[in-house]
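The lines below spell out each chain.
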Amino acid sequence: MHLAYPAVLAALLFAIGVYGVLARRNAILVLMSVELMLNAVNLNLVAFDVWLRDTLHAGQALTLFTIAIAAAEIGIGLAIVLMVHRNKGTADIDRLRDTAEPPQPWDAAAEDGTPTDDTPTGEKAEATA
């Protein structure tokens, strides 16, 4: 079998995964798209392992590590998505951007540590004392 067939299939899978990550709004569909991209990498690893006729089968060993990482990623990712859905009532990524805390006025202090005119010096002095 030629190397071009699995390489083209892996490129198509990876492109579909990239499109899914960039275009989808649902966090579950984004996680599924990441899984597609990881499976494209797995397909390339095994195809090149067979094509190179490696006696150590390094491509297949790396594929096992990638599958383990993908399983951990999907487990942790789904747990996070379920907790966010339970708390916010949605899994829409655009609506989750609103959950970030707004910047506080005392966060705008200069990098050298000198207080600016919006920095409350009394609170900062009490916090360091």
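Look a little higher up for the structure.
Here the structure is a predicted model, which is why all the values come from computation and not from measurement. (Residues numbered from 1 in each chain as written. Predicted model: local features only at pLDDT ≥ 70, side-chain atom pairs only at ≥ 80, totals over all residues. Heavy atoms only, no water.)

Engineer: Would you explain the overall build of the protein in this entry?
Structural biologist: When you go through the protein residue by residue, the secondary structure sums to 5 helices and 0 strands. Going from the N terminus to the C terminus, the protein shows its helices and strands as α-α-α-α-α. A separation threshold of at least 6 residues defines the contact pool for the protein, and within that pool the share at least 24 residues apart is 47%. For the protein, the computed accessible surface area is about 9500 Å², with 66% contributed by carbon and sulfur atoms. (Helix = DSSP H or I, 4+ residues; strand = E, 2+ residues; numbered from the N terminus. Contact = heavy atoms within 4.5 Å. Areas by Shrake-Rupley, 256 points an atom, 1.4 Å probe, with all protein chains shown as cover.)

Engineer: Which parts of the structure should I look at to understand the side chain of Thr 90?
Structural biologist: Looking at the element boundaries, Thr 90 is found in the loop between α3 (58–88) and α4 (93–96). By relative accessible area, Thr 90 is classed as buried at 15%. Here Asp 92 takes part through its backbone nitrogen, which lies 3.1 Å from a polar atom of the side chain of Thr 90. Setting aside chain neighbours within four positions, we find Thr 90 in contact with Val 84, His 85, Arg 95 and Leu 96. (Buried < 20%, exposed > 50% of the residue type's maximum accessible area, 1.4 Å probe, protein only. Polar contact = N/O pair within 3.5 Å; in protein donor to acceptor, adjacent residues only side chain to side chain.)

Engineer: Help me understand helix α2 (residues 27–52), please; the structure alone is not making it clear to me.
Structural biologist: A turn of α-helix holds 3.6 residues, and therefore any two residues three or four places apart point the same way. With 26 residues, α2 ought to run about 38 Å at 1.5 Å a step, and its terminal C-alpha atoms sit 38 Å apart, in line with that. Listing the buried residues of α2 in full gives Ala 27, Val 30, Leu 31, Ser 33, Glu 35, Met 37, Ala 40, Asn 42, Ala 47 and Asp 49. Those residues of α2 hidden inside the fold are in contact with α1 (4–23), α3 and α4. The N-capping residue of α2, defined by a side-chain oxygen 3.3 Å from the backbone nitrogen of Ile 28, is Asn 26. Taken from the residues just after α2, Arg 53 is the one with a positive phi, measuring 55°. (Expected span 1.5 Å × (residues − 1).)

Engineer: What exactly am I supposed to notice about a nonpolar patch on the surface here?
Structural biologist: On the surface, a cluster of nonpolar side chains totalling about 340 Å² of accessible area is made up of Phe 14, Val 18, Leu 22 and Val 41. Residue contributions to the nonpolar patch peak at 3 residues, all from α1. Among the structural elements, Leu 22 can be located in helix α1. In this structure Leu 22 comes out as exposed when scored by relative accessible area, which is 67%. (Patch = residues over 30% accessible without salt bridge, like charges linked within 9 Å, V, L, I, M, F, W, Y side chains within 5 Å. Salt bridge = Lys/Arg side-chain N within 4 Å of Asp/Glu carboxyl O.)

Engineer: Is there a simple way to explain the environment of Gln 60 in this structure?
Structural biologist: Structurally, Gln 60 can be placed in helix α3. Relative accessible area serves as the criterion here: at 35%, Gln 60 is assigned to the partly exposed category. On a C-alpha basis, the gap between Gln 60 and Phe 48 in space is 9.5 Å, while along the polypeptide they are 12 residues apart. Among all residues touching Gln 60, those that are not within four sequence positions of it are Val 46 and Asp 49. Polar contacts involving the side chain of Gln 60 include one to the side chain of Asp 49, which spans 3.2 Å.

Engineer: For this particular structure, what's the right way to read unusual backbone geometry?
Structural biologist: Excluding glycine, residues mostly carry a negative phi; peptide bonds, for their part, are mostly trans. The residue Arg 53 is not glycine, and still its phi comes out positive at about 55°. Owing to a relative accessible area of 70%, Arg 53 belongs among the exposed residues under this scheme.

Engineer: When you look at the packing of α1 against α2 in this model, what are you seeing that I'm missing?
Structural biologist: In a packed pair of helices, the relevant descriptors are the angle between the two axes and the axis-to-axis distance. Contact geometry of α1 with α2 gives a least axis separation of 8 Å together with a crossing angle of 160°. In terms of their interaxial angle, α1 and α2 are classed as roughly antiparallel. In the packing of α1 onto α2, the handedness of the crossing is left-handed. The residues of α2 that touch α1, namely those facing Pro 6, Ala 7, Leu 9, Ala 10, Leu 13, Phe 14, Ile 16, Gly 17, Val 18, Gly 20 and Val 21, are Val 30, Ser 33, Val 34, Leu 36, Met 37, Ala 40, Leu 43, Asn 44 and Ala 47. For the contact of α1 with α2, the per-class residue count stands at 16 nonpolar, 4 polar and no charged. (Axes fitted to C-alpha atoms, helices over the stretch in contact; angles between N-to-C directions. Parallel < 35°, antiparallel > 145°, perpendicular 65-115°, else oblique. Left-handed = near helix turned anticlockwise from the far one by under 90°. Nonpolar A, V, L, I, M, F, W, Y, C, P; charged D, E, K, R; others polar.)

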